[in-house]
Amino acid sequence: MDLDVGALTLLLLCLAALSAGFVDAIAGGGGLITLPALLTAGFPAHIALGTNKGQSVFGSGAALVRFARAGLVDKKLAKATFPFGLMGAFGGAALVMLLRPEVLKPLVLVLLIAVAVFLAFRRTPPKRDGVEPSPRPRAQAIGALIALVIGTYDGFFGPGTGTFLIVAFSSLLGHGLARASADAKVVNFASNLASVALFALKGVVLWKVALPMAAAQFTGAWLGAHVAVKGGDKLVRIVVLGVVAALVLKLGHDVWGNWTAA
């Protein structure tokens, strides 16, 4: 597999990856930037998807490391969420063979609107972001379930995964949004690893593009995680709401297009 990619196109893709890494580290939704950029550059859909995962795994990894250095990652909780996120992503990828991901778009659209309402009207003061979880067995069981369900969704379909993870950890475990972003990156990194492995085996990752984009994604994610750590819950809430709005518009456009074409 080989595609001719000019220097200017590669530069623009790297700039897209830099921006995506920054946004994704805070609120998820980086694929809203990189995947359309790859498709606009003329990549076939399957290569665009594979290359996108090939570069995004570096961004989620960089964000995870930065959050861990800030003390926002509960390592014992991560021991439960990481393997279940990995298993979920593999299971979701297998489901693609049985079902059409498009059937999820209306449901995801409704869920994203619910997420926006939850964040906009969430008045309860968040718990502090130090790693002091709720009772350990219960927290680990809930975290594992979150990772399995949303990891499966990521492997199967994907849009809004990071945002759903943030809201799930925030609402079900009572974590502040900044810490929930750190929790989300553990699962995100696991599901991205599973996806990269599958796409690489299929030979649809264009590494000569994915690796330069990965360097940019890594830089953007590191900066984004740093900003999330410093900005706290208020900043994360604003960025998540922006990402949700963009996802709602994108999926709403897709659903409307499918209905009018039917």
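As the structure is a prediction and not an experimental result, all values here were calculated from the model. (Residues numbered from 1 in each chain as written. Predicted model: local features only at pLDDT ≥ 70, side-chain atom pairs only at ≥ 80, totals over all residues. Heavy atoms only, no water.)

## As for the overall build of the chain
Stage number 1. Looking only at helices and strands, the chain has nine helices and zero strands in total.
Stage number 2. Taken from the N to the C terminus, the helices and strands of the chain come in the order α-α-α-α-α-α-α-α-α.
Stage number 3. Across the 262 residues of the chain, 49% fall into the buried class.
Stage number 4. Put simply, of all contacts in the chain between residues at least 6 apart along the chain, 85% involve residues at least 24 apart.
Stage number 5. Counting every atom, the chain has about 12000 Å² of accessible surface; 71% of that belongs to carbon and sulfur. (Helix = DSSP H or I, 4+ residues; strand = E, 2+ residues; numbered from the N terminus. Buried < 20%, exposed > 50% of the residue type's maximum accessible area, 1.4 Å probe, protein only. Contact = heavy atoms within 4.5 Å. Areas by Shrake-Rupley, 256 points an atom, 1.4 Å probe, with all protein chains shown as cover.)

## A few points about the packing of aromatic side chains
Stage number 1. If you walk through the whole model with that rule in mind, you get three aromatic pairs.
Stage number 2. Ring centres of Phe82 and Phe189 lie 6.3 Å apart, and the angle between their planes is 45 degrees; on these two criteria the pair is classed as tilted. Here Phe189 lies in helix H8 (residues 177-201) and Phe82 lies in helix H4 (residues 75-96), a separation of 107 residues in the sequence.
Stage number 3. Looking at Phe82, the relative accessible area reads 28%, which means it is partly exposed.
Stage number 4. Aromatic pair Phe218 and Trp222: ring centres 6.4 Å apart, planes at 15 degrees, arrangement stacked. Of this pair, Phe218 and Trp222 both sit in helix H9 (residues 207-261), four residues apart, which is roughly one turn of the helix. (Phe/Tyr/Trp six-rings, centres within 6.5 Å; stacked < 30°, edge-to-face > 60°.)

## Thoughts on the packing of helix H1 (residues 7-27) against helix H2 (residues 31-40)
Stage number 1. Taken N-terminus to C-terminus, the directions of H1 and H2 make an angle of 160 degrees; their axes are 8 Å apart at the nearest point. Relative to H2, the element H1 is oriented roughly antiparallel. The hand of the H1/H2 crossing is left-handed. Residues Leu13, Ala16, Ala17, Ser19, Ala20 and Val23 of H1 form the contact with H2, whose own contacting residues are Ile33, Thr34, Ala37 and Leu38.
Stage number 2. Looking at the contact of H1 with H2 residue by residue, the class counts come to eight nonpolar, two polar and no charged. (Axes fitted to C-alpha atoms, helices over the stretch in contact; angles between N-to-C directions. Parallel < 35°, antiparallel > 145°, perpendicular 65-115°, else oblique. Left-handed = near helix turned anticlockwise from the far one by under 90°. Nonpolar A, V, L, I, M, F, W, Y, C, P; charged D, E, K, R; others polar.)

## So, the confidence of the model for the chain
Stage number 1. Of the residues in the chain, 88% reach a pLDDT of 70 or more, and the chain-wide mean stands at 85.
Stage number 2. The least confident element of the chain, judged by mean pLDDT, is helix H5 (residues 105-120) at 75; the most confident is H1 at 93.
Stage number 3. Note on residues 125-129: pLDDT under 50 across the span, and nine contacts to partners over four residues away in sequence or across chains. (pLDDT = per-residue confidence, 0-100.)

## A short note on helix H3 (residues 45-69)
Stage number 1. When the terminal C-alpha atoms of H3 are compared, their 36 Å separation across 25 residues agrees well with the 36 Å that a helix rising 1.5 Å per residue should span.
Stage number 2. The largest bend in H3 is about 25 degrees, located at Gln55.
Stage number 3. Looking at the residues trailing H3, positive phi occurs at Gly71, about 80 degrees. (Expected span 1.5 Å × (residues − 1). Bend = angle between axes of the 7 residues up to and from the residue.)

## Some points on H2
Since the α-helix advances by 3.6 residues per turn, residues separated by three or four positions end up pointing in the same direction.
Stage number 1. Restricting attention to buried positions, one finds in H2 the residues Thr34, Ala37 and Leu38. An end-on view of H2 places all buried positions within 95 degrees of arc, on one side of the element.
Stage number 2. Following H2 by one or two positions, Gly42 has its phi on the positive side, about 100 degrees. (Arc of directions from axis to C-beta.)

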